[in-house]
Amino acid sequence: MADRIKPERMRPEDYADGGSPMSRGATYVRKEIVSKGVGFGSALAIAISFTTHQSVLWAIIHGFFSWFYVIYYVLTR
């Protein structure tokens, strides 16, 4: 696969005379992916598990399974 060139973020001093890219009609799409940290499903599973079982160990285990535990909890309650 060919190497992709990552575009540099424009700084205010890089703008041409006349304003920002938005004033010139330019559109920028920014995509972000959570690469580190706890996602929403894991946080929800941990909260449900700790509230139900009062156990940190079970909360960690259920946080690992995240959405599977949330769906299981919804179907069995």
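Refer to the structure presented above.
In short, a report on the structure.

Regarding helix 2 (residues 56-65), the residues found buried are A59, H62 and G63. Projected onto a plane normal to the axis of helix 2, the buried residues spread over an arc of 105° and lie on a single side. Along helix 2, the residues that are exposed and aim more than 90 degrees away from the buried face are L57, I60 and F64. Against the buried residues of helix 2 lie helix 1 (40-53) and helix 3 (67-76). You can read the cap of helix 2 off the contacts: a side-chain oxygen lies 3.4 Å from the backbone nitrogen of L57, and it is on S55. Phi turns positive, to about 35°, at S66, one or two residues after helix 2.

Reading guide: rules and limits
Residues numbered from 1 in each chain as written. Predicted model: local features only at pLDDT ≥ 70, side-chain atom pairs only at ≥ 80, totals over all residues. Heavy atoms only, no water. Buried < 20%, exposed > 50% of the residue type's maximum accessible area, 1.4 Å probe, protein only. Helix = DSSP H or I, 4+ residues; strand = E, 2+ residues; numbered from the N terminus. Arc of directions from axis to C-beta. Contact = heavy atoms within 4.5 Å. Polar contact = N/O pair within 3.5 Å; in protein donor to acceptor, adjacent residues only side chain to side chain.

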